[in-house]
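Notes for the structure review
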There are 2 protein chains.
Amino acid sequence: MTEIKNAACVGGGVIGGAWVARFALAGIDVKIFDPHPEAERIIGEVMANAERAYAMLTMAPLPPKGKLTFCKSIEETVKDADWIQESVPERLELKRGVITQIDAAARPDALIGSSTSGLLPSDLQAEMKHPERMFVAHPYNPVYLLPLVELVGGKKTSKATIERAMQGVEQIGMKGVVIAKEIEAFVGDRLLEALWREALWLIQDDICDTETLDNVMRYSFGMRWAQMGLFETYRIAGGEAGMRHFLAQFGPCLKWPWTKFTDVVDLDDALVEKIGAQSDAQAAGRSIRELERIRDENLVGIMHALKSGNGGEGWGAGKLLADFEAKLWANAKKPEADLGDVKPLHILDTKVSAAWVDYNGHMTEHRYLQVFGDTSDGLLRLIGVDLEYVRDGHSYYTVETHIRNLGEAKLGDALYSTCQLLSSDEKRLHLFSTIYNAETKEAVATAEQMMLHVDSKAGKSVAAPAKVLDKLKAITEAHAGLPTPEGVGRFVGQKR
Amino acid sequence: MTEIKNAACVGGGVIGGAWVARFALAGIDVKIFDPHPEAERIIGEVMANAERAYAMLTMAPLPPKGKLTFCKSIEETVKDADWIQESVPERLELKRGVITQIDAAARPDALIGSSTSGLLPSDLQAEMKHPERMFVAHPYNPVYLLPLVELVGGKKTSKATIERAMQGVEQIGMKGVVIAKEIEAFVGDRLLEALWREALWLIQDDICDTETLDNVMRYSFGMRWAQMGLFETYRIAGGEAGMRHFLAQFGPCLKWPWTKFTDVVDLDDALVEKIGAQSDAQAAGRSIRELERIRDENLVGIMHALKSGNGGEGWGAGKLLADFEAKLWANAKKPEADLGDVKPLHILDTKVSAAWVDYNGHMTEHRYLQVFGDTSDGLLRLIGVDLEYVRDGHSYYTVETHIRNLGEAKLGDALYSTCQLLSSDEKRLHLFSTIYNAETKEAVATAEQMMLHVDSKAGKSVAAPAKVLDKLKAITEAHAGLPTPEGVGRFVGQKR
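All values reported here derive from a predicted model rather than from experimental measurement.

For the rest of this paragraph, the subject is the overall build of chain A. What chain A contains, in helices and strands, is 17 helices and 14 strands. The dimensions of chain A, computed from C-alpha atoms along their principal axes, are 75 × 55 × 45 Å. Summed over all atoms, the accessible surface of chain A reaches about 19,200 Å², with 52% contributed by carbon and sulfur. Between the centroid of the 57 positive side chains of chain A and the centroid of its 70 negative side chains there is a distance of 4 Å.

Structure (structure tokens):
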């Protein structure tokens with residue numbers, strides 16, 4: 001397994017800048033070359049968007065952000081890099097020249113990816129000394145949120161390169177798909193182009209306006225495609241007889257008049273103006289920034305929804321996110337280090353997500369209990385009660401909770417939680433958790449909880465096994481030296 | 001505003017059956033004609049799927065289900081109906097014949113919609129006596145979840161008919177979009193067909209397999225299209241310069257080789273078998289039923305996510321759902337009726353949503369507090385503390401909560417909650433809520449809460465105004481006659 005430690009981005013802009021963000025937010029140092037006088041500002045803006053989006057997307061703690069260095073030459077930018085990503089404008093001569101320069105200055109084993117959305121990798125690698133490590137890595141806007149990367153090799157690209165590239169994009173939370181043969185525009189842009197061409201005809205011929213067309217997509221098949229794509233959706237449409245039945249049934253209509261819009265529309269001034277005006281009307285005065293914010297929050301929401309899909313196992317982009325988070329958790333600072341310490345365990349670092357707030361931007365009541373639940377889950381993992389343990393049929397269930405709301409958490413606030421064990425026995429676990437604002441260090445809420453070890457199939461409480469109780473006892477004993485926190489044993493409405 | 005009270009469905013099957021379900025779940029009686037010997041069984045299965053999906057989708061209480069009646073003739077089916085939906089097989093002569101029969105038997109003011117996915121309404125209405133009330137109402141699979149209906153009028157369709165049809169689909173929670181001119185396959189299927197044709201070429205030429213193609217879609221633009229469609233997405237891509245800039249920049253590539261796949265692929269046995277085999281591999285042994293379940297839960301999750309979108313205002317299909325729920329709430333039985341009664345107020349009826357459960361199908365810990373929060377919100381609405389009141393700068397904040405988990409709620413369980421006021425004064429409100437399983441009537445959880453009336457801008461507690469206190473006092477006095485519920489005043493870990 002190849003690990004990317006240093007990345008280089010040649011060409012900033014919206015795509016290059018988002019690659020910078022993907023690398024840096026995964027903890028990788030990035031060197032950047034872009035002669036544009038405003039490159040630092042532009043990349044800074046993309047980075048800010050990406051950080052905001054990641055803060056909502058990923059509940060797991062991110063590693064310390066990678067260092068960004070702006071360089072004066074391609075040579076300086078790429079010489080130490082493990083992965084070099086080229087994102088200069090879409091002109092064959094320009095791209096080929098830049099890639100040839102990168103090739104000359106980079107380590108022979110460094111990977112070189114191109115962000116091209118349509119040029120053939122064979123054409124791009126034509127003049128390289130080490131063409132076998134060059135490939136297309138084509139992402140989709142917004143690159144900091146959409147996980148797809150089309151990986152396309154040219155005639156001279158080695159199989160090992162594509163395998164290493166798959167590992168690389170996985171490391172930064174993206175989804176690599178390998179395109180078997182190089183063609184112009186690869187797979188995604190082919191499909192986009194086909195639909196786009198048809199859409200332009202529909203507007204040109206006044207069959208509908210842009211808002212109606214968008215509504216047709218987002219109230220119907222857009223939601224199908226967000227989760228299953230085309231073929232799996234049609235597989236279902238074929239019923240138990242499946243895909244072959246579907247093809248037999250719907251194949252003939254390929255030859256119906258439905259397919260007449262295959263010519264290319266003439267995108268003259270009149271059509272551009274028509275589409276522009278309809279699009280203005282549709283936006284109803286919303287700025288691009290505002291639309292971006294709405295889009296990004298929707299994308300986060302969709303991915304979160306897919307993360308709970310497939311009976312909690314996760315599905316599609318949601319499964320990818322869950323896997324990425326599992327890795328982040330595995331790499332995060334372990335609270336195990338504090339196990340013997342006479343202080344509450346630091347369990348969780350998180351942020352107030354857009355999905356967690358009301359219209360005022362305040363964290364909703366039940367989200368506090370969600371953080372407390374994640375905190376007790378974190379404690380349970382420390383004593384060996386993890387997903388596998390739960391699947392084997394035992395778990396701890398919460399039977400009683402007392403919450404005090406002491407302050408307010410707002411959208412984007414960084415929070416952390418601690419947990420103190422008050423007592424434990426064979427079946428019971430009595431704990432006290434606190435959520436703090438990471439900046440002010442003030443307690444936002446506390447929860448006192450009683451949990452019971454259960455046989456979840458039989459639905460009754462049973463003693464926990466020795467391997468769990470030993471760990472539990474060690475923490476309980478360490479915490480016996482701590483003062484009882486304020487609020488323990490309190491009932492609702494009790495005078496202070 | 002025309003209200004549909006009686007509907008008729010001619011033709012069952014997957015599409016007709018789903019129309020039956022949409023009408024019945026919105027409280028409308030439906031008469032059905034379908035000569036297929038297994039029509040009742042097939043419609044029963046679609047109905048079961050739809051009820052399961054609705055149970056997850058809609059948090060608001062549904063009206064009593066409409067009555068289904070299977071009839072022996074078209075005449076009997078349609079004679080009293082306000083809306084007649086034709087969903088017989090896709091053959092012009094057959095459809096025209098059935099529609100002409102419907103026309104002869106229906107009230108002259110009844111609306112007649114056809115589910116055709118491609119035939120022209122002008123052709124379908126050719127032989128009708130009252131053609132002005134006939135139109136295409138083309139839905140998308142799964143019809144019980146995807147809200148889109150394309151409304152297309154023929155040459156003889158009146159404008160008033162399309163307006164009434166818009167109101168009709170809105171009544172059953174769907175989204176009507178009006179297509180300005182009739183063309184074969186309308187708008188949605190045109191777009192689908194264009195992308196489908198391109199996709200078949202990509203498989204035929206071994207550029208990628210079906211799973212890769214689906215992944216390309218669902219990890220990228222599928223998620224864009226689920227919320228914004230095509231043009232609004234591209235508007236953002238154009239940056240601050242907007243749509244016209246985007247067209248100027250990307251127009252030229254319409255003429256690049258990207259557009260060469262415009263011929264129709266020959267869907268011969270070899271290609272059918274190739275796609276069939278790839279699709280089998282991709283399904284990895286999952287049955288169509290299983291895929292349907294996954295798809296439906298994902299669609300619900302996506303719509304729920306979009307319901308929280310746009311800063312809590314809702315977006316696209318999520319906004320539509322929120323509006324539909326608001327109407328259901330407005331039509332639901334009001335707890336105000338019980339205000340003077342000496343019994344806890346019945347506040348909420350809800351169901352355990354797919355988004356609320358862990359992989360075991362059990363409701364997650366914090367969702368109990370969500371239901372309790374919705375319950376106290378319901379109580380607050382009764383005393384005049386509604387959204388408007390909150391926006392004006394005052395509210396009740398929860399300061400303390402004690403929860404007892406007494407039982408388990410599982411996916412799809414119907415729940416209701418009650419609320420008893422223990423005491424109140426100028427600033428404080430002390431309440432006790434209980435969540436019950438609606439079937440067993442057993443308490444699943446209780447919450448004792450202290451709430452404080454606050455000036456939310458100043459961030460401090462203040463006395464509530466008289467108009468609120470008067471209502472609060474009336475309930476508190478009525479509830480003073482109730483016994484103190486078990487669990488009040490309890491602290492965590494207290495012996496029973």
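Moving on, we get to the nonpolar core. Among the nonpolar cores identified, the biggest contains 177 residues, and Phe-23, Leu-213 and Leu-230 of chain A together with Phe-23, Leu-213 and Leu-230 of chain B are the most heavily contacted of them. Sequence-distant contacts of Leu-230 of chain A, defined by excluding residues within four places in its chain, comprise Trp-225 of chain A together with Leu-195, Trp-196, Ala-199, Leu-213, Asp-214 and Met-217 of chain B. Counting residues in hydrophobic clusters, the runner-up holds 72 residues, among them Val-352 and Leu-469 of chain A together with Met-363 and Val-371 of chain B.

The share of residues in chain A with pLDDT of 70 or more is 93%, and the mean pLDDT across the chain is 88. With a pTM of 0.79, the predicted complex shows an ipTM of 0.79.

This part is about the sheet that holds strand β3 (residues 68–70) of chain A. Residues and elements named next belong to chain A. Taking strand neighbours across the sheet as the criterion, the eight strands line up as β3-β2-β1-β4-β5-β6-β7-β8 in an open arrangement whose pairing is mixed. Bordering the open sheet on either side are β3 and β8 (175–179), each of which pairs with just one other strand. Strand-to-strand twist across the sheet, computed as the mean angle between neighbouring axes with direction ignored, equals 25 degrees. Pairing geometry for strand β4 (residues 83–86) and strand β5 (residues 111–114), over four bridges, is parallel. Among the inter-strand pairings, Ile-84 is bridged to a residue of β5, identified as Ile-112. Of the strands in this sheet, β1 (6–10), β2 (29–33), β3, β4, β6 (134–139) and β7 (148–153) touch helix α1 (residues 13–25), which is tilted by about 170 degrees from β1. The strands touched by helix α4 (residues 92–105) are β1, β4, β5 and β6; relative to β4, the strand with the most contacts, the crossing angle is about 165 degrees.

Attention now moves to helix α9 (residues 221–228) of chain A. The element α9 of chain A is extensively covered by neighbouring structure, given that eight of its eight residues are classed as buried. Looking at the residues trailing α9 of chain A, positive phi occurs at Gly-229 of chain A, about 70 degrees.

So, on to the packing of aromatic side chains. Residue and element names in this part refer to chain A. Summed over all chains, the structure comprises 19 aromatic pairs over all chains. Ring geometry for Trp-83 and Phe-135: centres 5.4 Å apart, planes at 85 degrees, overall edge-to-face. Taken together, the residues Trp-83 in strand β4 and Phe-135 in strand β6 connect sequence positions 52 residues apart. Here Trp-83 falls in the buried class, since its relative accessible area comes to 0%. Taking the relative accessible area as the measure of exposure, Phe-135 reaches 0% and is therefore buried.

By a simple turn and slide, chain A fits onto chain B: the slide is 0.0 Å along the axis, the RMSD is 0.5 Å, and the turn is 180 degrees. Here the two chains are linked by the operation of a two-fold rotation axis. When the interface residues of chain A are mapped onto chain B, 99% of them again lie at the interface, so the same face is used by both copies.

Further remarks concern the pattern of salt bridges. Counted under the stated rule, the structure contains 43 salt bridges over all chains. The partner of Arg-235 of chain B in a salt bridge is Asp-280 of chain A, with the nearest N and O atoms 3.2 Å apart. Of this pair, Arg-235 of chain B sits in helix α10 (residues 231–237) while Asp-280 of chain A sits in helix α12 (residues 269–283), which puts the two residues in different chains. Note on Arg-235 of chain B: relative accessible area 10%, which makes it buried. In this structure, the salt-bridge partner of Lys-319 of chain A is Asp-323 of chain A, at a minimum N-O distance of 3.2 Å. Pair noted here: Lys-319 of chain A and Asp-323 of chain A are both in helix α14 (residues 316–331), with a separation of four residues, about one helical turn. Here Asp-323 of chain A falls in the partly exposed class, since its relative accessible area comes to 35%. One salt-bridge network, held together by shared partners, links Arg-235 and Arg-244 of chain A together with Glu-273 and Asp-280 of chain B.

What follows deals with the sheet that holds strand β3 (residues 68–70) of chain B. Residues and elements named next belong to chain B. Judged by pairing direction, the sheet is mixed, and its eight strands sit side by side in the order β3-β2-β1-β4-β5-β6-β7-β8 without closing on themselves. The open sheet has two edge strands with one neighbour each: β3 and β8 (175–179). Taking each pair of neighbouring strands and ignoring which way they run, the sheet shows an average axis angle of 25 degrees. With respect to the sheet, helix α4 (residues 92–105) is in contact with β1 (6–10), β4 (83–86), β5 (111–114) and β6 (134–139), its orientation differing from that of β4 by roughly 165 degrees.

Next up on the list: the packing of helix α13 (residues 288–307) of chain A against helix α9 (residues 221–228) of chain B. Following both chains from N to C, one finds α13 of chain A and α9 of chain B inclined at 115 degrees, their axes separated by 10 Å at the closest point. Between α13 of chain A and α9 of chain B lies a crossing of right-handed hand. Where α13 of chain A abuts α9 of chain B, its residues Leu-291, Ile-294, Arg-295, Asn-298, Leu-299, Ile-302 and Met-303 of chain A lie against Met-223, Arg-224, Ala-226, Gln-227 and Met-228 of chain B. Taken together, the residues of the contact of α13 of chain A with α9 of chain B break down into eight nonpolar, two polar and two charged.

Residue and element names in this part refer to chain A. A large share of strand β10 (residues 394–405) lies buried, amounting to nine of its twelve residues. Both β10 and strand β13 (residues 443–455) contribute to a ladder of eleven bridges, which runs antiparallel. The residue of β13 that forms the bridge with Ser-395 is Val-454.

Direction vectors running N to C along α12 of chain A and helix α11 (residues 242–250) of chain B enclose 145 degrees, while the axes themselves pass 8 Å from each other. When you trace α12 of chain A past α11 of chain B, the crossing you get is right-handed. Residues Val-272, Glu-273, Ile-275, Gly-276, Ala-277, Ser-279 and Asp-280 of chain A of α12 of chain A touch α11 of chain B, and the partners they reach there are Met-243, Arg-244 and Leu-247 of chain B. Partitioned by chemical class, the residues of the contact of α12 of chain A with α11 of chain B number five nonpolar, two polar and three charged.

We now examine the side chain of Ser-433 of chain B. Residues and elements named next belong to chain B. Structurally, Ser-433 is set in strand β12 (residues 428–437). When its relative accessible area of 0% is taken as the criterion, Ser-433 is described as buried. If near-sequence neighbours (up to four positions away) are discounted, Ser-433 is found in contact with Phe-372, Thr-375, Thr-418, Cys-419, Ala-445, Thr-446 and Ala-447.

Between chain A and chain B, the contact holds 145 residues from the first and 144 residues from the second. Summed over both partners, the interface of chain A with chain B buries about 14,600 Å², with 66% contributed by carbon and sulfur atoms. At the surface where chain A touches chain B, the tally comes to nine salt bridges. With a closest N to O distance of 2.5 Å, Glu-400 of chain B and Arg-490 of chain A form a salt bridge. Counting across the chain A and chain B interface gives 46 residue pairs in polar contact (both at pLDDT 80 or more). Looking at the side of chain A that touches chain B residue by residue, the class counts come to 72 nonpolar, 37 polar and 36 charged. Relative to strand β10 (residues 394–405) of chain B, β10 of chain A is paired through five bridges, and the arrangement is antiparallel. Bridge pairing in β10 of chain B links Arg-404 of chain A to Glu-400 of chain B.

Within the secondary structure, Asn-405 of chain B sits in strand β10. Residues contacting Asn-405 of chain B, with those up to four places away along its chain left out, are Thr-398, Val-399 and Glu-400 of chain A together with Tyr-368, Val-444 and Ala-445 of chain B.

Residue and element names in this part refer to chain B. Among the six residues of strand β7 (residues 148–153), five are classified as buried, and the element is accordingly described as predominantly covered. For β7 and β8, the ladder comprises five bridges, and the chain directions are parallel. Within β8, the residue paired with Glu-150 across the bridge is Val-177. Once the chain exits β7 it traverses helix α6 (residues 159–171) before rejoining the sheet at β8, and the crossover so formed is right-handed.

With respect to the helices and strands, Pro-37 of chain B occurs in the loop between β2 (29–33) and α2 (39–57). Sequence separation between Pro-37 of chain B and Ser-122 of chain B is 85 residues; the distance between their C-alpha atoms is 32 Å.

Residue and element names in this part refer to chain A. Here Asn-141 and Pro-142 are connected by a cis peptide whose omega angle stands at -5 degrees. Positionally, Pro-142 belongs in the loop between β6 and β7. Positioned with a positive phi, Phe-186 is a non-glycine residue whose angle comes to about 55 degrees. Within the secondary structure, Phe-186 is located in the loop between β8 and α7 (188–204). One non-glycine residue, Asp-206, lies in the positive phi region at around 60 degrees. Mapping Asp-206 onto the fold places it in the loop between α7 and α8 (210–218).

What counts, and where the lines are drawn
- Residues numbered from 1 in each chain as written.
- Chains lettered and ligands numbered in written order.
- Predicted model: local features only at pLDDT ≥ 70, side-chain atom pairs only at ≥ 80, totals over all residues.
- Heavy atoms only, no water.
- Helix = DSSP H or I, 4+ residues; strand = E, 2+ residues; numbered from the N terminus.
- Areas by Shrake-Rupley, 256 points an atom, 1.4 Å probe, with all protein chains shown as cover.
- Lys, Arg positive; Asp, Glu negative; His and termini not counted.
- Charge placed at Lys NZ, Arg CZ, Asp CG, Glu CD.
- Core = buried A, V, L, I, M, F, W, Y, C linked by side-chain atoms within 4.5 Å.
- Buried < 20%, exposed > 50% of the residue type's maximum accessible area, 1.4 Å probe, protein only.
- Contact = heavy atoms within 4.5 Å.
- pLDDT = per-residue confidence, 0-100.
- Pairing = 2+ DSSP bridges.
- Axes fitted to C-alpha atoms, helices over the stretch in contact; angles between N-to-C directions.
- Phe/Tyr/Trp six-rings, centres within 6.5 Å; stacked < 30°, edge-to-face > 60°.
- Least-squares fit on C-alpha atoms with pLDDT ≥ 70 in both.
- Salt bridge = Lys/Arg side-chain N within 4 Å of Asp/Glu carboxyl O.
- Left-handed = near helix turned anticlockwise from the far one by under 90°.
- Nonpolar A, V, L, I, M, F, W, Y, C, P; charged D, E, K, R; others polar.
- Buried area = accessible area lost by both parts, 1.4 Å probe.
- Polar contact = N/O pair within 3.5 Å; in protein donor to acceptor, adjacent residues only side chain to side chain.
- Right-handed = clockwise from strand over helix to strand, strands pointing away.

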